[in-house]
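# An overview of the molecular structure
Each chain is listed here by its residues.
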Amino acid sequence: MTSLLVGHLYPDYLNIYADRGNIAVLERRAAWRGYGLDVQAIGMGEPVEPGRHDLLYIGGGQDREQALVAPDLAAKGEGVRAAAEAGAAVLAVCGGYQLLGRSYRDVAGEELPGVGLFPHETVAGERRMIGDVLLECELEPGLRRTLAGFENHAGRTRLDQSGVPLGRVVAGFGNDGQSGFEGCRVGRAIGTYLHGPLLPRNPWLADWVIAQALAHRLGEAPDLEPLGDELEGRAHAVSARRAHERGGRR
Amino acid sequence: MGGTAQDPSVEGSAAARLHWRPVRLGLEIALAHAAGRLSRLAGAGGGTTLPGKLLWKLDPGAIDLLGRRLPRGSALVSATNGKTTTAAMVAEILAPRVRLAHNRSGANLVSGVASALLHMGDAELGLFEVDEGALPEVVRRVRPRAVLLGNLFRDQLDRYGELELIAGRWREAVRTLPHETALVLNGDDPQVGELAGEARTATVFGLDDPRHAYATPPHAADSTHCVRCGAPYEYAAVYMGHLGDYRCPRCHHARQPLDVVARRIELDGLEGVSFDLVTAVGEQRIELGVPGLYNVYNALAAGALSLALGASLAEVASGLGRFHAAFGRFERIVVGERRILVLLIKNPAGANEAVRTLVDGGAPRVAVIALNDAIADGRDVSWIWDVDFEPLLAGLERLVATGERAAELALRAKYAGFDEQAIDVLPPLAAALDRGLELTPPGGELVILPTYTAMLALRRIVSERGYVRPYWERAA
């Protein structure tokens, strides 16, 4: 049986928005297709070895936890970038998304170093952007799909001109509350503010991430057998409705 | 607003202001009460909190003045988990001897405190549970003679922002307390124990019975990194979430010596729990009619605060012995030939304790879990993924998922490996209640775990259906 190896960065520090829900979804959906998924924690002082992991996952934390891991993560920067360049999939949520950019400046004005995988910089604002959010994405040309989630961030993330967002904001704040963009994509690496958690109610993205990780392992992505996803669809519909009703409001 | 009190064109000189103030307060109180009566007459509900909301809008300063009318002052209770139950326990202990103004229904924002003050009658002492975020404002206004701070867990991050923000507000509030105010702190919570600082003394309570520690800390533990230096704490015992006997290996920040301690804890399934309450003034065996380690924390907190307010150890023991469940917290309601057992869930730490207590008491085979996402529940439902539902799911034959976010809850169970075919997804609460009762044999008990607004809705449904509540049930 083919088994995917996932490197979960700092699970003891960055786990605030139910990141284990995302991991559970990846595990089950891989297993239902006959693939194993081993999750390895990558903690403080442990390097990221390019080529080793098929997927790197990093979740969100509160300011305090982010400040604790930021210097260590920056020191791993070269390994993370090299792993992504070698074709590993990356999924970064909320705080992890911020820290994989070039830099993060918190409310107190203190600047945390970033990894530089995503072409963006983040500056914390006074008011948090909190609420339900709905995106429209086109990860494969011509194939438009929606992502529904919840956002809660003080950081305003500005993509470079050349940066590719994960999606367009249909309802909610997104990266900075102004640009109409949310998240970032670089090859097989995805970063986003959406939690809720992200994957249970957006199973197509879970399958996309699994396919990217399999492509790293096998050289090409096999077709994943479709699943019923009836419950997932219901949860997505409620979440999407919430975003229309009350997303992006203060 | 309330700016008119400072407007000289209205009120003239300082002398005139002094003269005018009581008259104005009387008018405001009358107006607020009238609004409450009108609301009830109109059947609009909200009649109990409306007067407070109105007074708070009209003139926040009126709350300060009303607070000063209480001859024995006020005591405040705040915590993420357990404040309603703890305050109800304190009320049970003090009630025989002291007339209380108490926001028993759990309306715990500034307006809720204002409502309780408006209805104080001839009360001598104010006993107020206070929302974590509202604590600084309430402290400023009522100038409490005692403050109990129980715990800080991640809870409704969408409403409160990050845990650290609340901790910061609490530090600020504690700094502004007059020196004579008694401070009672949970020493097992690193963030809370740290509030005493060096400047003032505090009564510190905590558990000392490692037999009841978690073998492995629960997933949702929050403050497991040193509040001073950031290194991971080493725990001699974890009792609940991140609460326990901790020590930082790097800077040696550790749990403070305990002044009020629970030892020799004996859990009695779903029926109750007993423990030795050990204090500077003696020891007393406490027999509680509500279960679980979290209720030991609540009782310990209530005992420590009551002692600080002048109660005797004997009064503490008999008050706690009389205590029964508060509003929706392990509340049993007779529904025809069956009973329902309602355990409010609202955040990972509290829900974990509800699950742990249920499973220790003999895991149920059917459960109804109700997930709403109104402001009072938390609009962000991601917290259910941080709850360790697995031990409960392991014993379930059937799960009824209900509430506005029933599908999300069903997904939580599905991705934990629970058979999707064994889940009923029924968003309307009444339908879910019927389904749950249908799955429960006559004479049996149906376990229901609702979030806050689902709990209120559920109570409305059973009362509309005219089911008799147990005689000891004191409606809020």
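Residues numbered from 1 in each chain as written. Chains lettered and ligands numbered in written order. Predicted model: local features only at pLDDT ≥ 70, side-chain atom pairs only at ≥ 80, totals over all residues.

### Side note on the overall build of chain A
Counting its regular elements, chain A contains six helices and twelve strands. Taking 18 Å as the expected radius of gyration for a compact globule of 250 residues, we find that chain A reaches 17 Å, a close match to that expectation. Every one of the 250 residues in chain A was classed for burial, and the buried ones make up 55%. For chain A, long-range pairs separated by at least 24 residues make up 74% of all intrachain contacts whose partners lie at least 6 apart in sequence. (Helix = DSSP H or I, 4+ residues; strand = E, 2+ residues; numbered from the N terminus. Rg over C-alpha atoms; globule rule 2.2 N^0.38 Å. Buried ≥ 20, exposed ≤ 12 C-beta atoms within 10 Å, placed from the backbone. Contact = placed C-beta atoms within 7 Å.)

### Let's talk about the overall build of chain B
Helices and strands together make up the secondary structure of chain B, namely 17 helices and 17 strands. Pairs at least 24 apart in sequence give 69% of the contacts found in chain B among residues at least 6 apart.

### A short note on the interface of chain B and chain A
Contact residues are listed per partner, giving 24 residues for chain B and 26 residues for chain A. Looking at the side of chain B that touches chain A, the elements with two or more residues in it are helix H8 (157–160), helix H9 (163–176) and helix H15 (406–414) of chain B. Of all the elements, H15(B) adds the most residues to the side of chain B that touches chain A, at five residues. In terms of residue class, the side of chain B that touches chain A is made up of nine nonpolar, five polar and ten charged. (Nonpolar A, V, L, I, M, F, W, Y, C, P; charged D, E, K, R; others polar.)

### Comments concerning the sheet that holds strand S10 (residues 272–279) of chain B
All names here are of chain B. Strand order across the open sheet formed by nine strands is S2-S3-S1-S4-S5-S6-S9-S10-S11, with mixed pairing between neighbours. Two strands in the sheet have a free side with no partner beyond their single neighbour: strand S2 (100–102) and strand S11 (282–288). The mean inter-strand angle of the sheet, taken between neighbouring strand axes irrespective of direction, is 15 degrees. As judged from the six bridges shared by strand S9 (residues 260–268) and S10, these two strands associate in the antiparallel manner. (Pairing = 2+ DSSP bridges. Axes fitted to C-alpha atoms, helices over the stretch in contact; angles between N-to-C directions.)

### Quick notes on helix H6 (residues 230–246) of chain A
With 17 residues, H6(A) extends 25 Å from end C-alpha to end C-alpha; this agrees with the ideal 24 Å at 1.5 Å per step. Packing partners of the buried residues in H6(A) comprise strand S7 (120–140), strand S8 (143–159), strand S9 (167–171) and helix H5 (203–218) of chain A together with H15 and strand S16 (423–425) of chain B. Looking one or two residues past H6(A), A:Gly248 carries a phi angle of roughly 70 degrees, positive in sign. (Expected span 1.5 Å × (residues − 1).)

### A short note on the sheet that holds strand S3 (residues 55–58) of chain A
Residues and elements named next belong to chain A. Spatial ordering of the open sheet is given by S2-S1-S3-S4-S12-S11, a layout of six strands whose pairing is mixed. One side of each edge strand has no neighbouring strand; the edge strands of this open sheet are strand S2 (36–42) and strand S11 (184–186). Strand-to-strand twist of the sheet, defined as the mean angle between neighbouring strand axes without regard to direction, takes the value 15 degrees. Summarising the sheet, strand S4 (residues 89–93) and strand S12 (residues 189–192) pair through four bridges and their orientation is parallel. Bridging across to S12, Val93 finds its partner in Thr192. Running at roughly 145 degrees to S4, H5 makes contact with strand S1 (3–9), S3 and S4 of the sheet.

### A closer look at the nonpolar core
All names here are of chain B. One finds Val184 and Leu305 to be the most contacted residues of the largest nonpolar core, which totals 225 residues. It is helix H11 (residues 293–308) that contributes the most residues to this core, twelve residues altogether. Two domains each donate at least three residues to this core, and these are domain 1 (57–322) and domain 2 (329–464). For Val184, the contacting residues outside a window of four places in its chain are Ala146, Leu148, Ala202, Thr203, Phe205, Ala304, Leu305 and Ala308. (Core = buried A, V, L, I, M, F, W, Y, C linked by C-beta atoms within 7 Å. Domains from an automatic or database assignment.)

### As for the domain arrangement of chain B
Residues and elements named next belong to chain B. In terms of domain boundaries, chain B breaks down into domain 1 (57–322) and domain 2 (329–464). Taken together, the 24 residues of domain 1 in the interface contact 20 residues of domain 2. Going through the elements one at a time, helix H5 (83–94), H8 and H11 are the ones with two or more residues in the side of domain 1 that touches domain 2. Looking at the side of domain 1 that touches domain 2, the element that brings in the most residues is H8, giving three residues. For the side of domain 1 that touches domain 2, the class distribution of residues is eleven nonpolar, nine polar and four charged.

### Quick look at the pairing of strand S8 (residues 243–247) of chain B
Residues and elements named next belong to chain B. Across the five residues that make up S8, a large majority, four, are buried. Of the pairings in the sheet, the one linking strand S7 (residues 234–240) to S8 comprises five bridges and is antiparallel in character. Bridge pairing links Glu234 to Arg247 in S8.

### So, helix H1 (residues 19–31) of chain A
Note that an α-helix has 3.6 residues per turn; residues three or four places apart therefore point the same way. Residue and element names in this part refer to chain A. For H1, which comprises 13 residues, the first-to-last C-alpha distance of 19 Å matches the rise-based estimate of 18 Å (1.5 Å per residue) to within 8%. Along H1, ten of the 13 residues are buried, which leaves the element largely enclosed by surrounding structure. Within H1 the residues assigned to the buried category are Asp19, Gly21, Asn22, Ile23, Ala24, Val25, Leu26, Glu27, Arg29 and Ala30. At its buried positions, H1 is contacted by S1, S2, S3, S4 and H5.

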